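Tertiary structure, described
Single-letter residue listing:
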Amino acid sequence: MSTTAQPLHESYRLLIRFCAVVVCLVHLAFIPIFAGTGVHALAAGNVLSVLAYGYAYWQSRPQGNVRLAADVIALEIGLHAVAATLAIGWSSGFHYLMIPMVPVCMLSATRPRAARMGIVLCISLAYIGLRFWSSRHPPFYRLSDGLLQALEYGCLVTLFLAFITIALRYHDIIVEAHEMLRHEAFTDPLTGALNRRRLAQVATLPPAADTHSALLLCDLDHFKLVNDQYGHSVGDQVLQAFYRQLLECTRGGDHVCRWGGEEFLVLLPQTDMAVARMVAYRLRASVERTSVRLLSGELLFITVTVGLTHLGPGEPLQAAVHRADEALYRGKAAGRNQVQDSTVERPVPVAELQV
Ligand SMILES: Nc1nc2c(ncn2[C@@H]2O[C@H](COP(=O)(O)OP(=O)(O)OP(=O)(O)O)[C@@H](O)[C@H]2O)c(=O)[nH]1
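The residue count restarts for each chain, going from 1 along the sequence in the order it is written. It should be noted that, the model being predicted, local features are given only for residues of pLDDT at least 70 and side-chain atom pairs only at 80 or more, the latter also being counted only at that level, while totals for whole chains, interfaces and linings use all residues. Excluded from the side-chain calculations are hydrogens and water; all other atoms, namely the structure's heavy atoms, are used.

- As recorded in an unreviewed UniProt entry, the protein chain goes by diguanylate cyclase and comes from Comamonas terrigena.
- Quoted verbatim from the Catalytic activity (unreviewed entry) heading of the UniProt record, the comment on the protein chain is "2 GTP = 3',3'-c-di-GMP + 2 diphosphate". UniProt positions are given in the numbering used here, feature names are shortened, and annotations may be inferred rather than shown by experiment.

Structure follows, in structure tokens:
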């Protein structure tokens, strides 16, 4: 899952960075408001908050500690909500800011479930305790009703924005994870080619289902020797280079699948045999020119044998692959590095293919 974790982590980092900037600006705006209304303790608190958000912003850089940045933001929000509620009263609405911390904490994947449950329990007890205290003790500072109302509406808006952000973030995570799982389920991990499962699906999709398509079964020649002489990792490099060549020789709408081992199946939708022959010839010739540079600096050249056939409308893929496989077998038996057409009993002459 390492490939899937990267983009999610990056989007999380950007979200933390974005939150650090936005909330820092909000706190900056509050400094003159509280200083002007004589609530100097909260104005000073906002200065500390701005410093905390500056630190969180710095930690959310690519080389920083994003988890620490998120913890600093969460701690600041919690302490700020408690301090402001005690200082200017429950009706200021600052306690609302503690509520979104519950889903954020529970959905966080960076801590074990028991730790998350413990933190959420602490937040809940602090919230209820704060309510209990506020109902029995007057606030330390008395603000005008108008200012208190404005603060409460501001906190309510922040509460909704926080829930919208959380919901969007987790929606994105689910969509991204789904896309990545889908990609992994349909892709060969070594080369990035489609796998058999995906090819079987696309082969039955319209318009391929109601028009003639072509199949090229492409098998590297003497690939076992490459593995035996140079090792598996060079063999893997050769497979990757071969796949790149297959992509280069086909169109965007064609489907290149790793059928197994060193065998790739190319589906050319809505393609007649004359065009398919040209593609097969181009492919054979371009693979012949393909090389992989070994550590010694030596160039390793490869060749491919191609079995070519058509895929009729509604024809089972397996039946067409069987024909292509027979043609491929003939090509191997006839000396390799050539194209064999399932509809003719001889190798396709180069002159015929170049027209
Ligand atoms: N490096 C590497 N080798 C693989 C992979 N999958 C299959 N192979 C190897 O591919 C080789 C296929 O060998 P063979 O089926 O004998 O075919 P060949 O040597 O290409 O001979 P011809 O097809 O007759 O020209 C085997 O040695 C497999 O181990 C892979 O993912 N990576």
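1. Some thoughts on a nonpolar patch on the surface
- A surface patch of nonpolar side chains, about 600 Å² in accessible area, is lined by Phe 18, Val 21, Val 22, Leu 25, Val 26, Leu 28 and Tyr 57.
- A helix here means a DSSP run of H or I that spans at least four residues, while a strand means a run of E at least two residues long, and both kinds are numbered starting from the N terminus. Along the chain, Val 21 falls in helix α1 (residues 2-36). Patch membership is restricted to residues that have no salt bridge and whose relative accessible area is over 30%. Joining uses 9 Å for like charges and 5 Å for the nonpolar side chains Val, Leu, Ile, Met, Phe, Trp and Tyr. For accessible areas, the Shrake-Rupley method is used with a probe of radius 1.4 Å. Any residue's cover is judged against the shown protein chains and nothing else. A pair is scored as a salt bridge if a Lys or Arg side-chain nitrogen falls within 4 Å of a carboxyl oxygen belonging to Asp or Glu.

2. Observations regarding the environment of Asp 219
- Note on placement: Asp 219 falls in strand β1 (residues 213-220).
- Through-space distance from the C-alpha of Asp 219 to that of Thr 303 is 8.7 Å; in sequence the pair is 84 residues apart.
- With residues up to four places along the chain from it excluded, the contact list for Asp 219 reads Glu 262, Glu 263, Thr 303, Val 304, Thr 305, Leu 328 and Lys 332.
- As used in this structure description, the phrase polar contact means that two N or O atoms lie within 3.5 Å; if the pair is within protein, one of them must be able to donate a hydrogen and the other to accept it, and residues adjacent in sequence are counted only when both atoms belong to side chains. Engagement of the side chain of Asp 219 in a polar contact is seen with the side chain of Lys 332, the distance being 2.8 Å. Contacts: residue pairs with any heavy atoms within 4.5 Å of one another.

3. Concerning the pairing of strand β6 (residues 304-311)
- Burial status follows relative accessibility: with a 1.4 Å probe on protein chains alone, a residue under 20% of its type maximum counts as buried, one over 50% as exposed, and anything between as partly exposed. Here β6 lies mainly inside the structure; seven of its eight residues are buried.
- Following DSSP output, two strands are said to pair if at least two bridges run between them. The pairing of β1 with β6 spans eight bridges and is classified as antiparallel. Paired with Ala 214 across the strands is His 310, a residue of β6.
- Pairing geometry for β6 and strand β7 (residues 339-341), over three bridges, is parallel. Within the sheet, the bridge partner assigned to Gly 307 lies in β7 and is Gln 340.
- Crossovers are described as right-handed under a simple rule: with the strands pointing away from the observer, the path leading from the first strand over the helix to the second runs clockwise. A crossover links β6 with its parallel partner β7, the connecting element being helix α11 (residues 317-333), and its sense is left-handed.

4. Considerations on the site of the ligand
- Here, proximity means that at least one heavy atom of the residue falls within 4 Å of the molecule or strand. What surrounds the ligand is a group of 17 residues, the closest being His 222, Phe 223, Lys 224, Asp 236 and Arg 258.
- The side chain of Asp 219 places a nitrogen or oxygen atom 2.9 Å from an oxygen atom of the ligand.
- Within the backbone of Leu 220, one N or O atom sits 3.1 Å away from an oxygen atom of the ligand.
- Look at the ligand: alone it shows 670 Å² of surface, and the protein chains cover 69% of it.
- Counting only elements with at least two residues in the shell around the ligand, the list comes to β1, α8 (223-230) and α9 (232-248).
- Considering each element in turn, the shell around the ligand owes the most residues, four residues, to α9.
- Here the nonpolar group is Ala, Val, Leu, Ile, Met, Phe, Trp, Tyr, Cys and Pro; Asp, Glu, Lys and Arg are the charged ones; every other residue, Gly included, is treated as polar. Taken together, the residues of the shell around the ligand sort by class into four nonpolar, five polar and eight charged.

5. Some details on the packing of helix α2 (residues 40-59) against helix α3 (residues 66-88)
- For helices, the fitted axis covers only the stretch in contact; all axes are lines through C-alpha atoms, and the angles between them, taken along N-to-C directions, range from 0 to 180 degrees. Taken N-terminus to C-terminus, the directions of α2 and α3 make an angle of 170°; their axes are 8 Å apart at the nearest point. By the angle class used here, α2 and α3 are roughly antiparallel. Within the contact between the two elements, α2 uses Leu 42, Asn 46, Ser 49, Ala 52, Tyr 53, Tyr 55, Ala 56 and Gln 59 and α3 uses Val 66, Leu 68, Ala 69, Val 72, Ile 73, Glu 76, Ile 77, His 80, Ala 83, Ala 84, Ala 87 and Ile 88.
- Considered class by class, the residues forming the contact of α2 with α3 number 15 nonpolar, four polar and one charged. Here the angle decides the label: under 35 degrees means roughly parallel, over 145 means roughly antiparallel, 65 to 115 means roughly perpendicular, and every other value means oblique.

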